[in-house]
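An overview of the molecular structure
So you can see what is in the structure, the chains are spelled out below.
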Amino acid sequence: MSDEWRARLTPAFEALLGAPLSDHPEDATYATFAWGNFLGETGLDRLPAWLDPAALRGDTVLVHQHLAMNDEGPLRVDAAGSLFDIPSADGLLEGRDLQLPPAEDWRVAYVRLASDGTLFDAMRVATQVGDGPEDLIEFEFDADEEWEAALAEAGVDDELLAHLRWCCADGTAGMVFNGTGPFKVPRGTVVASWSDEAGFQWDMAVVRL
């Protein structure tokens, strides 16, 4: 990733977090988890691809055309760090700890998006801005007025702002940004969270592990 692209994204992430990235412990590991009814209702929580040994070891990134939070492309998923619900196990298991073959009624409860463990990259994959400006999408959503103003005040340019409207939406489409609430997740402390209030049935959080 270029320094120019990082510098362009940083003010947007800091506006959402309400503080500089450096205010958060730099030696911590951060992750982005997504979950919701959409997974179970579509059967995406039981895709055979979840059980690919290479993906569970973390050697490959899982990409499936239907495993997406919007219509603009699939998620890049860290299957090794995703959380599996195995009724016979004591709580949720990370993919890397899954014994193959798993119990018949296994399912993925929390999808971990692939990132490098930094807060910057956890925010990048949560907002789905990609590795460069060529990945930006001009979403036709209305942003929440508070966040539109905060991002504009932070100096976020119009092209990036058009993309970020997806994750700062007003509730009629896209994802609504909720700050640090209202979710509790089974791993870590919530740093930022989003909910879908338009019917796509996803929730998402960036957490400090």
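Use the structure listed above.
So, a few notes on the structure that sits alongside this text. Nothing here was measured: the structure is a model prediction, and the numbers come from that model.

1. Observations concerning the sheet that holds strand 3 (residues 92–94)
In any sheet, the strands associate via hydrogen bonds between backbone groups, in a parallel or an antiparallel arrangement. The strand order across the open sheet built from seven strands is 3-2-4-1-7-6-5, with neighbouring strands paired in antiparallel fashion. The open sheet has two free edges, formed respectively by strand 3 and strand 5 (176–179), since each of these has just one partner strand. Mean inter-strand twist for the sheet, computed between neighbouring axes without regard to direction, equals 25°. Across three bridges, strand 2 (residues 83–85) lies against strand 3 in antiparallel orientation.

2. Observations regarding the packing of helix 1 (residues 3–17) against helix 5 (residues 145–153)
In the contact formed by helix 1 and helix 5, the axes pass within 9 Å of each other and the chain directions differ by 135°. As the angle between them shows, helix 1 and helix 5 are arranged oblique. The interaxial crossing formed by helix 1 with helix 5 has right-handed handedness. Between helix 1 and helix 5, the contacting residues are Ala12, Ala15 and Leu16 on the first element and Trp147, Ala150 and Leu151 on the second. Residue composition of the contact of helix 1 with helix 5, grouped by class: six nonpolar, no polar and no charged.

3. Observations regarding helix 4 (residues 119–127)
Each α-helix winds once per 3.6 residues, and so residues spaced three or four apart point in a common direction. The buried fraction of helix 4 is high, at nine of nine residues. Restricting attention to buried positions, one finds in helix 4 the residues Leu119, Phe120, Asp121, Ala122, Met123, Arg124, Val125, Ala126 and Thr127. Of the surrounding elements, those touching the buried residues of helix 4 are helix 1, strand 1 (30–35), helix 6 (158–164), strand 6 (189–195) and strand 7 (203–208).

4. Digging into the packing of aromatic side chains
Scanning all chains against the criterion turns up ten aromatic pairs. Through a chain of ring-to-ring contacts, three or more aromatic side chains come together here, namely Trp35, Tyr110 and Phe183. We note Arg6 situated over the ring of Phe120; from NZ or CZ to the ring centre the distance is 4.2 Å.

5. Things to note about the layout of surface pockets
What the largest pocket holds in volume is close to 460 Å³. Looking at the largest pocket, it is lined by 18 residues, and the ones nearest its centre are Pro74, Arg76, Arg124, Gln128 and Gly130. Among the residues making up the lining of the largest pocket, the classes are represented as eight nonpolar, five polar and five charged.

6. So, the side chain of Asn70
Relative to the helices and strands, Asn70 is located in the loop between helix 3 (53–57) and strand 2. The exposure class of Asn70 is buried, given its relative accessible area of 11%. A polar side-chain atom of Asn70 sits 2.8 Å from the main-chain amide nitrogen of Glu72.

7. Description of the side chain of Asp78
Tracing the backbone through its elements, the reader meets Asp78 in the loop between helix 3 and strand 2. Of note is the side chain of Asp78, whose polar atom sits 3.1 Å from the backbone nitrogen of Ala80. Not counting residues within four places of it along the chain, the set of residues in contact with Asp78 comprises Arg112, Leu113 and Ala114.

Definitions and limits used
- Residues numbered from 1 in each chain as written.
- Predicted model: local features only at pLDDT ≥ 70, side-chain atom pairs only at ≥ 80, totals over all residues.
- Heavy atoms only, no water.
- Pairing = 2+ DSSP bridges.
- Helix = DSSP H or I, 4+ residues; strand = E, 2+ residues; numbered from the N terminus.
- Axes fitted to C-alpha atoms, helices over the stretch in contact; angles between N-to-C directions.
- Parallel < 35°, antiparallel > 145°, perpendicular 65-115°, else oblique.
- Left-handed = near helix turned anticlockwise from the far one by under 90°.
- Contact = heavy atoms within 4.5 Å.
- Nonpolar A, V, L, I, M, F, W, Y, C, P; charged D, E, K, R; others polar.
- Buried < 20%, exposed > 50% of the residue type's maximum accessible area, 1.4 Å probe, protein only.
- Phe/Tyr/Trp six-rings, centres within 6.5 Å; stacked < 30°, edge-to-face > 60°.
- Lys NZ or Arg CZ within 6 Å of the ring centre and 35° of its normal.
- 1 Å grid on protein atoms, 1.4 Å probe; cavity = no way out; pocket = protein on both sides within 12 Å on 5 of 7 lines; lining within 4 Å.
- Points joined across faces, edges and corners; volume = space filled by probe spheres on them.
- Polar contact = N/O pair within 3.5 Å; in protein donor to acceptor, adjacent residues only side chain to side chain.

These figures capture arrangement, not role.
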